[in-house]
Amino acid sequence: MLIVLDSNPVNAANKVPDKLKFKQLLELAQMICSCGYCDIYKAIPQGKKIQEWIKKNPAWVKTYGAVLYYWCLEYIKMKEKTMADLFAILTSIPEAADLNGKIETAIFRYNKNYKSIFPSDAEITVGNAIEEYKKYLEWKQNANLQSN
């Protein structure tokens, strides 16, 4: 999944909970490779809607990924190979003609146990996606607390 918590990619990446930032960066890198931009990670068949969305919004994705990447450099200990691979993946995204990085929609994807008015993998307005991801992250946090 690609957690969208703001229409601005810098704000969106900064709003991803710290404990999820590295995982979000890895998932983003996997999706970028699955789009065919590079082959550092093996392409996966899942997430076709997110891959299509990434191709339509490369400037937003590149900025979002860069913010996550530099946060991870600062706050977690990554292996040199991981750092180099992630950098290469993020820089493999082609430059976009529209560099403002504005988005109108996002893909809302979630766990099968979560209930929403939107189906998983739905492309919805960015405002709806932000609200839905906030609710989803709260649900995940509560589910994790109950399982511990």
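Everything quoted here is computed from the prediction, not taken from an experiment.

**Q** It is not clear to me how the overall build of the protein should be interpreted in this structure. Could you clarify?
**A** For the protein, the count of helices and strands is six helices and two strands. Along the protein, from the amino end to the carboxyl end, the secondary structure elements read α-α-α-α-α-β-β-α. Its C-alpha atoms give the protein a radius of gyration of 15 Å, near enough to 15 Å, the size a compact globule of 148 residues would have. For the protein, the spread of C-alpha atoms along the three principal axes comes to 35 × 35 × 30 Å. Counting all 148 residues of the protein, 44% fall into the buried class.

**Q** How should the packing of helix α3 (residues 48–56) against helix α4 (residues 58–75) be read in this particular structure?
**A** Helix-helix packing is characterised by the crossing angle of the two axes and by the distance between the axes. The interhelical angle for the contact between α3 and α4, taken along N-to-C directions, is 100 degrees, at an axis separation of 5 Å. As far as their axial angle goes, α4 and α3 are roughly perpendicular. Contacts between α3 and α4 involve W53, I54, K55 and K56 from the former and P58, W60 and V61 from the latter. A breakdown of the residues in the contact of α3 with α4 according to their chemical character gives five nonpolar, no polar and two charged.

**Q** Got a minute to help me understand the packing of aromatic side chains in this structure?
**A** By convention here, two paired aromatic rings are described through the distance between centres and the angle between planes. Following the criterion strictly, the structure yields 14 aromatic pairs and no others. Ring centres 5.0 Å apart and planes at 35 degrees place the aromatic pair W71 and Y75 in the tilted group. Of this pair, W71 and Y75 both sit in helix α4, four residues apart, roughly one helical turn. Taking relative accessible area as the criterion, W71 reaches 17% and is therefore assigned buried. Each member of the aromatic cluster is reached from another via a ring pair, and the members are F108, Y110, Y114, Y133, Y136 and W139. The ring of W71 is capped by K21, whose NZ or CZ atom sits 5.2 Å from the centre of that ring.

**Q** Any chance you could explain the state of the cysteines here in plain terms?
**A** What is meant by a disulfide is a covalent connection between two cysteines, made through their sulfur atoms. By the definition in use, this model includes zero disulfides. Looking at C35, it has no disulfide partner, and the nearest cysteine sulfur is the one in C33, 9.0 Å off. Residue class for C35 comes out buried when judged on its relative accessible area of 9%.

**Q** Hey, could you run me through the nonpolar core in this one?
**A** Generally speaking, nonpolar side chains in soluble globular proteins are found buried as a group. With 48 residues, the main nonpolar core has V4, W60 and Y64 as its most contacted residues. Elements supplying a minimum of two residues to this core: α1 (9–15), α2 (18–34), α3, α4, α5 (80–91), β1 (105–108), β2 (122–125) and α6 (126–147). Broken down by element, the residue count for this core peaks at eight residues, all from α4. Once you skip the residues sitting within four places of it in the chain, Y64 turns out to touch L2, I3, P9, A12, A13, V16, Q24 and L28.

**Q** Sorry, what's going on with α5 here?
**A** In this model, α5 (12 residues) spans 17 Å end to end at C-alpha, consistent with the 16 Å of a helix rising 1.5 Å per residue. By the burial criterion, the buried members of α5 are M83, D85, L86, I89 and L90. The arc that holds the buried residues of α5, viewed along the axis, is 165 degrees, so those residues lie on one side. Exposed residues lying more than 90 degrees from the buried face of α5 are E80 and K81. Buried-residue contacts for α5 involve α2 and α4.

Conventions used here
Residues numbered from 1 in each chain as written. Predicted model: local features only at pLDDT ≥ 70, side-chain atom pairs only at ≥ 80, totals over all residues. Heavy atoms only, no water. Helix = DSSP H or I, 4+ residues; strand = E, 2+ residues; numbered from the N terminus. Rg over C-alpha atoms; globule rule 2.2 N^0.38 Å. Buried < 20%, exposed > 50% of the residue type's maximum accessible area, 1.4 Å probe, protein only. Axes fitted to C-alpha atoms, helices over the stretch in contact; angles between N-to-C directions. Parallel < 35°, antiparallel > 145°, perpendicular 65-115°, else oblique. Contact = heavy atoms within 4.5 Å. Nonpolar A, V, L, I, M, F, W, Y, C, P; charged D, E, K, R; others polar. Phe/Tyr/Trp six-rings, centres within 6.5 Å; stacked < 30°, edge-to-face > 60°. Lys NZ or Arg CZ within 6 Å of the ring centre and 35° of its normal. Disulfide = S-S within 2.5 Å. Core = buried A, V, L, I, M, F, W, Y, C linked by side-chain atoms within 4.5 Å. Expected span 1.5 Å × (residues − 1). Arc of directions from axis to C-beta.

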